[in-house]
Amino acid sequence: MTASIEVRRHHKIEVNHLDRLAIVYVRQSTLAQLQQHQESTRLQYALVHHAATLGWAPERVLVIDDDQGKSGTSAAGRPGFTRLVTEVSLGHVGLILGIEMSRLARSNRDWHHLLEVCALFQTLIGDTDGIYNPADYNDRLLLGLKGTMSEAELHILKNRMHQGKLNKARRGALGTPTPSGYLRDVYGQIQMDPDEQVQQVIRLIFRKFEALGTLHAVLHYLVEEQIQLGVRERTRAGGGLLTWRRPNRMTLQNLLHNPMYAGVYAYGRRQVDPKKKLAGRSSTGRVTLPPSQWHVLLKEHVPAYISWEQYQQNVARMAANRNIASLSGAPKRGTGLLSGLLRCGHCGHRMVVSYHTALGGSALRYNCIRQVSDYAGSPCFSCTGAVVDDWVTAQLLEALTPVSVALSLEAQSALNRDREALDQHWHARLERAQYEAERAARQYRGVEPEHRLVARSLERAWEQALEAERTLKEEYERHVHLRPRQLTPAEILQVQTLSTALPALWSASTTTMQDRKEILRLVVKQITLWGAVNDERMDVRIEWQGGNVTAGQLIRPVARLDQVSTYAELCARVEAGVTQEKTALEMADELNAAGLRPPKRRTTWNAAQVRSLAQRLGLQFSKGTDGRAVPSRRPPRAGDWWTLDGLAQMLNMPVVTLYGWLHRDIVKGEQLKQGGTWRIWADDAEVRRLQVLRAEPIGARQHRQWVSKATSMLEEPEVRDVSP
């Protein structure tokens, strides 16, 4: 039998309101409130009965509780509130009921938007204090004040909690999760983990990162040596139990970035950026800030594994390894020995490496392309990589030769330290395995013999512990056999021999390019290159890690003869040789004796190169290499007709490029007989046109040719097939 409901209609409720829905909006801010403040939830659901007392039929009362456990600071991520506004906008709602206005929204933006929509569609809003009509000025004013107070209340509560946490953090008393290697004692103080093996692994990780320089190398070392990280369980069920887990990249990255290992108590390392925060996801938008912007930074507050300076160096090194535009950092792939170390002396930016795939990837160049990529300008400087690599290698080996004995001693001590650390780690594992076996034995001996069910289980556990201890001892024996704790006399002799034979070690087939790059980065800070574009000479400056500087001048291969710095002297000598009726071979010997270099990768002149230079100058040797007279050479120009060599010299371009223009109909030419030499027509106006065309960038010329070809294809008349 259904109990009767006493209807007490409010004077603001009209018939048209009762014809529509009455919506009860239910919301709790957090999941903890749902579990602990259940009385508030019951009060909100009880508003269904209140709607019935106001005159709504039970089937016309709609409960929206989709936003349970969600904050009201924003409408984003609240599907229930969105559904409520949509129903009001469709004119389906006559009354909105809530326990208080803060349940609907704690943002003035969302609250006033709801009031505008309710006023437009004649929807009432009710709470435990009364019924309000948003279309009425007095009610609208009161609702606005309630919304403002609701938002201010939330702001005050949040600010009070934040200041409380901040004040506690400034004393270093705010409880934050401790990383591996630390735990809190019964008084809440942060202490090092009492387990010595855990401490040894943490120190080993920092020591290996300082030696190897990359996160990947440290991870590979830990996996190869089968070293695991000790982690304390944070769950209540775990009770701080120590577990050993395999290392992974993210764990090592967090470990190296955590300032607590440097003895620093920090708060506010990661703060929320409102621009990056995603709607409905409270954990998003966090960005990592530099130490100068942390809320709290207390040095020497907790026991330290490393110094603050070493922590800063580790963070800077990891940032440089990730940044491909950095001049430092881990060596990159490729055969370019100086990749990542070169800087352009003209603009100061980093130079990049380019590999010529047409040559099988064996040829490399160092280029400064910052002006090209950022400003569409001309490249600052470029050079062949082999020349610079060889010179820097020679300087490196020369610099390391006097300290080879010191390097030998340092290498021996470093190897001994690594092996001692690994041996300590193995002893700790063996000690732990022995303890587990003895503990299982004590449990087995402590059980009553009559309790056979428990005795059998403890016996199996004892056998498993003994088997694990025996397996670990066998692995340790194999480890000692392969890598004894101290270096053997043969290994010491090998280290001393390698350190005194650095050139042989550098060139050995077993030394990889990665090894050479790592050695170079240990002693070289950066290398600067600069030189004129039309000059084969370039200057090199090496800045060593200790602050010393080595400078030098190198000869780089250039593409054209006119780019050689001694071009004027070469032309003068060849003209004098032709006048003195010397042969091309005699002139080649004279140029080689004078130390004048040809272009490209050649180091000496030959007769063919000398004759080619003479032809560029419009000259011809009267005698061949055998001393006999040679036929006279055609003049470069006869009227408006040019030879290929003559016009190429006039346009300052290679003959092969002009020959390509001829086949692409850029220039007009003819052959006097089949298979004969070509001559090209070019009057003064045509010569000026070709000079302008030659000066254009290659990209612009190709784009214009493509546009011309596409236009001609579009303008071609349509040909129809009219055959039957």
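Higher on the page you've got the structure.
Just so it is clear, the structure is predicted and the values come from calculations on it, not from any experiment.

The next point concerns a positive patch on the surface. On the surface, a cluster of positive charge is contributed by K158, K165, R270, K277 and R286. Here R286 is to be found in strand β12 (residues 286–288). Among the residues examined, R286 registers a relative accessible area of 41% and is labelled partly exposed.

Let's shift gears to the nonpolar core. Residues I205, F206, L222 and L255 are the most contacted members of the largest nonpolar core, which totals 35 residues. Listed by contribution, the elements that provide at least two residues to this core are β7 (190–192), α9 (196–212), α10 (215–224), α11 (249–257), α12 (308–322) and α15 (404–446). The element that contributes the greatest number of residues to this core is α9, accounting for 6 residues. Filtering out sequence-adjacent residues up to four positions away, I205 remains in contact with V218, L222, L229, L252 and L255. Counting 29 residues, the second-largest nonpolar core is a separate cluster that includes C344, V524, L529 and L554.

Bringing α11 into the picture now. Three- or four-residue spacings in an α-helix give side chains the same orientation, since the helix completes a turn every 3.6 residues. Those residues of α11 not exposed but buried are L252, L255 and L256. Buried residues in α11, looked at end-on, bunch into an arc of 95 degrees, giving them a common side. The elements touched by buried residues of α11 are α9, α10, β8 (229–232) and α12. Its side-chain oxygen at 3.2 Å from the backbone nitrogen of M250, N248 defines the N-terminal cap of α11.

This brings us to the packing of helix α21 (residues 584–593) against helix α22 (residues 607–616). In the contact formed by α21 and α22, the axes pass within 8 Å of each other and the chain directions differ by 100 degrees. By the criterion of interaxial angle, the relationship of α21 to α22 is roughly perpendicular. Contacts between α21 and α22 involve A584, L585, M587, A588 and L591 from the former and A607, V610 and R611 from the latter. The class makeup of the residues in the contact of α21 with α22 is 7 nonpolar, no polar and 1 charged.

Spatial ordering of the open sheet is given by β21-β22-β24-β23, a layout of 4 strands whose pairing is antiparallel. Across the chains shown, the open sheet's two edge strands, defined by having one partner strand only, are β21 (637–638) and β23 (668–671). Pairing analysis gives 4 bridges linking β23 to strand β24 (residues 678–681), with the strands arranged antiparallel. If you follow E670 over to β24, its bridge partner there is R679. Along the sheet, helix α23 (residues 644–651) makes contact with β22 (641–643) and β24, crossing β22 at roughly 90 degrees.

Reading guide: rules and limits
- Residues numbered from 1 in each chain as written.
- Predicted model: local features only at pLDDT ≥ 70, side-chain atom pairs only at ≥ 80, totals over all residues.
- Heavy atoms only, no water.
- Patch = residues over 30% accessible without salt bridge, like charges linked within 9 Å, V, L, I, M, F, W, Y side chains within 5 Å.
- Areas by Shrake-Rupley, 256 points an atom, 1.4 Å probe, with all protein chains shown as cover.
- Salt bridge = Lys/Arg side-chain N within 4 Å of Asp/Glu carboxyl O.
- Lys, Arg positive; Asp, Glu negative; His and termini not counted.
- Charge placed at Lys NZ, Arg CZ, Asp CG, Glu CD.
- Helix = DSSP H or I, 4+ residues; strand = E, 2+ residues; numbered from the N terminus.
- Buried < 20%, exposed > 50% of the residue type's maximum accessible area, 1.4 Å probe, protein only.
- Core = buried A, V, L, I, M, F, W, Y, C linked by side-chain atoms within 4.5 Å.
- Contact = heavy atoms within 4.5 Å.
- Arc of directions from axis to C-beta.
- Polar contact = N/O pair within 3.5 Å; in protein donor to acceptor, adjacent residues only side chain to side chain.
- Axes fitted to C-alpha atoms, helices over the stretch in contact; angles between N-to-C directions.
- Parallel < 35°, antiparallel > 145°, perpendicular 65-115°, else oblique.
- Nonpolar A, V, L, I, M, F, W, Y, C, P; charged D, E, K, R; others polar.
- Pairing = 2+ DSSP bridges.

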